[in-house]
Amino acid sequence: MFALKPPLNSYRCRALLTTLIGWLTLSGHSVASEVEHHYFPSPTLGHDYPYSVYLPDNYDTQTTHTYPVVYMLHGSFGTDRDWVSRGNLQQVADRLIRAGHIPPAVFIMPGSRSWWVDGHNEPARSAFFNDLMPHVEATYRVGQGRHDRGVAGLSAGGYGALNFALERPELFAAVAALSPASYAPLPPRNSSAWRHPAFINAQGQFDRELWETLNYTAYLEAYRLRVTPRGTETEGDLSPVPLYISAGRSDVYDAEFHARQLRQAMERIQPNDVRLDLYPGGHTWQVWRASLPAALNFLFQYVGQQPSEAALKEATTEQQTQKQRAEPPRPGEASSASNEAVSG
């Protein structure tokens, strides 16, 4: 007696159905973060300010709980969508949160036409502090203390992130600069800085004085005085901002050389709060994707951590000081790439 065998296709259908049910079941328990793209009117810029935002799984607008926030700055001639579309930020953040390496957090990815400076084309630095940050803190459930805020960037965005942290250390718990275009004393001749509208003056020439005035080297001494205890009544009232740096070993803009130079300068001020990672590769998204997990792990050793008693006292002192003084003085006033390589 022979038993009837179901057609081969029925086995395939069952297998497909089983796989589909399993996928749907697992997906119901997976991390479901969201990335949104928005604009808001910026009085400083005189036009809409674009930004993308990463919201973690189960982001709750009604809770009294606040989320740590990290501002992620794009590179020269980049957009607010680069970190998601090319840098895999959503996937990396999802994975690190799911593994418990970093807490659920909000990532803000602003867009800028400048190098994050008050340059010749737009006051990007002022718009960041005066418009973007207040908008974000009024719109999202993010912490508004130093310990809940970090800043990071790649290439020209690393230049901007570093400058923001050095100029306003009371605002950031940590900073990450990936292949930062923080070239000293001047950018290499192949850098897009030489042709970027931010640094092109009315005569159509690269403004060397503006570059030197706005580069990180111009902030170092004021930063050192603010974060270095000296055993006097005027000693530094802030702890240093820990710095993560990465660079590709074959970067066409000599990012490794400039990263080592930056590390050396910062280690004179905060010898235990600087880390440099070097990766095979150039000034490309391959390097930045590779270094992003390490950068985020570094940032969240500080961002989102409960402040110590000393840090709370420090924050209170800073708030009182801010009421008595204006914003800290800052120095100065104010390309076609392949699919992977980015102008620096």
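All values reported here derive from a predicted model rather than from experimental measurement.

## So, the packing of aromatic side chains
All chains considered together, the criterion is met by 22 aromatic pairs. Between Tyr71 and Phe128, the aromatic rings sit 5.2 Å apart at their centres with planes inclined by 70°, giving edge-to-face as the arrangement. With Tyr71 in strand β3 (residues 69-73) and Phe128 in helix α4 (residues 124-139), this residue pair connects regions lying 57 residues apart in the sequence. For the pair Tyr71 and Phe128, a shared accessibility class is recorded, and that class is buried. Taken together, a centroid distance of 5.5 Å and an interplanar angle of 75° make the contact between Trp115 and Tyr159 edge-to-face. Note that Trp115 is positioned in the loop between β4 (106-110) and α4 and Tyr159 in helix α5 (residues 156-167), a separation of 44 residues in sequence. Of the residues examined, Tyr159 reaches a relative accessible area of 0% and is grouped as buried. Members of the aromatic cluster, each reached through a chain of ring pairs, are Trp115, Tyr159, Trp194, Phe199, Phe206 and Trp211.

## A short note on the side chain of Asp131
For Asp131, the position within the fold is in helix α4. The buried charged residue Asp131 lacks any salt bridge partner; its closest oppositely charged side chain belongs to Arg125, at an N-O distance of 10 Å. Ignoring anything within four residues of it in the chain, the contact list for Asp131 reads Phe40, Ser42, Pro43, Thr44, Leu45 and Ser126.

## Considering the pairing of strand β8 (residues 274-279)
In terms of strand pairing, strand β7 (residues 243-248) meets β8 through 6 bridges, oriented parallel. Pairing of Ile245 across the sheet is with Leu276, part of β8.

## Section: the confidence of the model for the protein
Residues at a pLDDT of 70 or more form 78% of the protein, whose mean pLDDT is 86. Low confidence marks residues 1-11, where pLDDT is under 50. Its contacts with residues over four positions away, or in another chain, come to 1 contact. Counting contacts from residues 13-29, a segment whose pLDDT is below 50, to residues more than four positions away or on other chains yields 0 contacts.

## Side note on unusual backbone geometry
For the bond running from Ala184 to Pro185, omega is 5°, close enough to zero to count as cis. Considering the arrangement of structural elements, one finds Pro185 in the loop between β6 (174-178) and α6 (208-214). For Ser155, which is not glycine, the phi dihedral falls at a positive 55°. Along the chain, Ser155 falls in the loop between β5 (149-154) and α5. A positive phi is found at Ser179, a non-glycine position, where the angle reads about 45°. On the accessibility criterion, Ser179 (0% relative accessible area) is buried.

How each quantity is defined
- Residues numbered from 1 in each chain as written.
- Predicted model: local features only at pLDDT ≥ 70, side-chain atom pairs only at ≥ 80, totals over all residues.
- Heavy atoms only, no water.
- Phe/Tyr/Trp six-rings, centres within 6.5 Å; stacked < 30°, edge-to-face > 60°.
- Helix = DSSP H or I, 4+ residues; strand = E, 2+ residues; numbered from the N terminus.
- Buried < 20%, exposed > 50% of the residue type's maximum accessible area, 1.4 Å probe, protein only.
- Lys, Arg positive; Asp, Glu negative; His and termini not counted.
- Salt bridge = Lys/Arg side-chain N within 4 Å of Asp/Glu carboxyl O.
- Contact = heavy atoms within 4.5 Å.
- Pairing = 2+ DSSP bridges.
- pLDDT = per-residue confidence, 0-100.

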